[in-house]
Amino acid sequence: MNKYYIASAPAKLILFGEHSVVYSKPAIAAAINLRAKSIVRVTNSHEIEIFSKNYNSKISFNLKNITEESLIKKIGNPTLLPVCYATLKTLNYLGEQKGLSIVIDSQIPPSAGLGSSAAVSVSTIKAISIALNYNLSNDIISSLAFNAEKIVHGTPSGIDNTVSTYGGLIYFKKPDTLRRLPLSVELPIVIGNTNISRQTKTLVARVRSLLEKYPSVINRILDAMAVLVELALSALQENRTEDIGSLMNINHGLLTSIGVSHKKLDLLVYSALSAGALGAKLTGAGGGGCMFALSNKTNLNAVADAIKSTGGTPYVTSLTSKGVALEDS
Ligand code: PMV
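Residues numbered from 1 in each chain as written. Predicted model: local features only at pLDDT ≥ 70, side-chain atom pairs only at ≥ 80, totals over all residues. Heavy atoms only, no water.

**Some thoughts on the environment of A275**
- The topology assignment puts A275 in the loop between α9 (263-274) and β9 (279-283).
- On a C-alpha basis, the gap between A275 and A302 in space is 5.9 Å, while along the polypeptide they are 27 residues apart.
- Not counting residues within four places of it along the chain, the set of residues in contact with A275 comprises N299, A302, V303 and A306. (Helix = DSSP H or I, 4+ residues; strand = E, 2+ residues; numbered from the N terminus. Contact = heavy atoms within 4.5 Å.)

Take a look at the structure:
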C-alpha cells in the first residue's frame, strides 16, 4: 500500500471593502483557520478517484481517456469539478500520468463566500505534488488553482487562491493590485453563517442600479468604504483590535445603506455585539451568506452562543498567517 500525503489550506474572509472593490476601490481579505484537507495516495492504475467526506460522494475518471474539455461532460457533480480540474492541471503541469486516490475533508462551509473551492484546489495541488515527489513553489500552486477556478467560476478575482496559498492578509484593488501583507497575531473571530443562499451577481447588480439612480449619494458611500479600508489596514498591522472592531461596525452600516444586508445578517451582527464582540459585519456579497464578529478571547464562546441562539451557524476561528501546508501523515 502506498503512503498517504496530507496537505491543508485555509478559507478566505473579506474583511473590508466588498462591493466598493467592484468600483476599483481597495479591499482587504485574510486567511482564516477553517481549513480544507486533501489526503492523496499514488495508486498503481491510471484512475483518479476523488471522494468528498463532506458530500459523501465519489467520482472517478481514467487519465487515458480524459481531457480538460471532456471532463465537464464526464463529471456530473458540479461541486467536485474544481478539484477535478486542479488535479488534471497539476498532472499536466508535472507531465505525470499516475493514478491517484484523493480524499477531501473540509471544515469550510461551501457556497458561503469563504473560498471553499479554491482552498480544496490549493490543498489538493500541494498534496499531489508531494505524493509524486515534487516540491512546487507557492506561486505555481496558486496559479494552477487560479486556472482551475477560471474554468468553473468564469472570471475569479484571484483573491481566493492567493489567500489560501499564502495565508495572512491580502490588500487588493482592480485591475491588478494584489499585495500580500504579514499578519503578526492570530485574531480571534466568530463567523456566523445565515445558511441563506444568495447570488453574488444579483447583489452586485442591486448596488449598480442604486448607484445609477443616486450617484451623488452612493459614490460618497463607496468612497467612505475606501477610506475605511486604509484605516483598517493600519489598525490590522498595528494590532489595534478595538479600532478594527469600530471600523467593521461602520462598514456594516454602509453596506446596509446600499441594500446588501439581510434581516438575518443584521440579527446575527447585533446579537454578536450584544454578547460583547468588538465589531461585527457581513462579509462577501451579503443578502445572506456569512457575517463575522471580532472578539476578545474571553468572549468568543458567548459570541458564538449568541449567534447560535439567533439561528446562525457559528464557527469559532481566527485570522491566520498559515497558508497551504503539509500535515503529518
Ligand atoms: O461572497 P463572495 O465571496 O462572492 O464575494 C463577493 C464580493 C463582492 O465585492 C460583492 C463582489 C466582487 O466581485 O468582488
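**Comments concerning the environment of S184**
- Residue position: S184 is located in the loop between β7 (177-181) and β8 (188-193).
- The spatial distance from the C-alpha of S184 to the C-alpha of P215 is 39 Å, given a sequence separation of 31 residues.

**A word on the pairing of strand β5 (residues 99-106)**
- Most of β5 sits inside the fold, with seven of its eight residues counted as buried.
- Where strand β2 (residues 27-43) and β5 come together, eight bridges link them in antiparallel fashion. In the strand pairing of β5, T43 is matched with G99.
- Note: strand β3 (residues 47-52) against β5, five bridges, orientation parallel. Residue pairing for β5: E49 is matched across the bridge by S101. (Buried < 20%, exposed > 50% of the residue type's maximum accessible area, 1.4 Å probe, protein only. Pairing = 2+ DSSP bridges.)

**Quick look at the pattern of salt bridges**
- Taken as a whole and judged by the stated rule, the model has nine salt bridges.
- With its nearest N and O atoms 2.6 Å apart, the salt bridge here joins D243 to R240.
- The class for D243 is partly exposed, based on a relative accessible area of 34%.
- In this structure, E327 and K322 form a salt bridge, with 3.4 Å as the shortest nitrogen-oxygen distance.
- Here the salt bridges do not stand alone but share partners, grouping E238, R240 and D243 into one network. (Salt bridge = Lys/Arg side-chain N within 4 Å of Asp/Glu carboxyl O.)

**Regarding the site of the ligand**
- The local shell around the ligand consists of K12, I14, E18, H19, V21, V22, G113, R198, T200, V204, G284 and A285.
- In the model, an oxygen atom of the ligand is placed 3.3 Å from a nitrogen or oxygen of the K12 side chain.
- A285 has a polar backbone atom sitting 3.0 Å from an oxygen atom of the ligand.
- Notes on the ligand: free accessible area 380 Å², of which the protein chains cover 75%.
- Breaking the shell around the ligand down by element, the ones donating at least two residues are β1 (4-16) and α6 (200-213).
- Partitioning the shell around the ligand into residue classes produces five nonpolar, four polar and three charged. (Near = heavy atom within 4 Å. Polar contact = N/O pair within 3.5 Å; in protein donor to acceptor, adjacent residues only side chain to side chain. Areas by Shrake-Rupley, 256 points an atom, 1.4 Å probe, with all protein chains shown as cover. Nonpolar A, V, L, I, M, F, W, Y, C, P; charged D, E, K, R; others polar.)

**With respect to helix α3 (residues 116-131)**
- Over its 16 residues, α3 extends 22 Å from the first C-alpha to the last, a length consistent with the 22 Å expected when each residue adds 1.5 Å.
- Across the 16 residues of α3, 15 count as buried, placing the element largely inside the fold.
- One or two steps after α3, the chain reaches N133, where phi turns positive at roughly 75 degrees. (Expected span 1.5 Å × (residues − 1).)

**Details of empty space enclosed by the protein**
- Inspection of the entire model under this criterion finds one cavity of 30 Å³ or more.
- If you add up the space inside the largest cavity, you get close to 40 Å³.
- Counting residues per element, the ones that place at least two in the lining of the largest cavity are β1 and β10 (290-294).
- Class assignment of the residues belonging to the lining of the largest cavity gives a composition of eight nonpolar, no polar and no charged. (1 Å grid on protein atoms, 1.4 Å probe; cavity = no way out; pocket = protein on both sides within 12 Å on 5 of 7 lines; lining within 4 Å. Points joined across faces, edges and corners; volume = space filled by probe spheres on them.)

**Notes on the packing of aromatic side chains**
- A full pass over the atoms with the stated rule returns zero aromatic pairs.
- Cation over ring: R179 sits above Y171, and NZ or CZ is 4.5 Å from the ring centre. (Phe/Tyr/Trp six-rings, centres within 6.5 Å; stacked < 30°, edge-to-face > 60°. Lys NZ or Arg CZ within 6 Å of the ring centre and 35° of its normal.)

**Describing the environment of L94**
- Within the secondary structure layout, L94 lies in helix α2 (residues 81-94).
- Given the relative accessible area of 11%, L94 is considered buried.
- When the C-alpha atoms of L94 and L132 are compared, they prove to be 9.0 Å apart, with 38 residues separating the residues in sequence.
- Contact partners of L94, with chain neighbours within four places excluded, come to S129, L132, Y134 and L136.

**Concerning the sheet that holds β9**
- Strand order in the open sheet formed by four strands is β9-β10-β8-β11, and the pairing between neighbours is antiparallel. Sheet topology places β9 and β11 (313-318) at the edges, where each strand pairs with a single neighbour. In this sheet, adjacent strand axes meet at a mean angle of 25 degrees when their direction is disregarded.
- Alignment of β9 against β10, held across five bridges, turns out to be antiparallel. Bridged to L282 within β10 is M291.
- The sheet strands contacting helix α10 (residues 300-309) are β8, β10 and β11, and the helix crosses β8 at an angle near 5 degrees. (Axes fitted to C-alpha atoms, helices over the stretch in contact; angles between N-to-C directions.)

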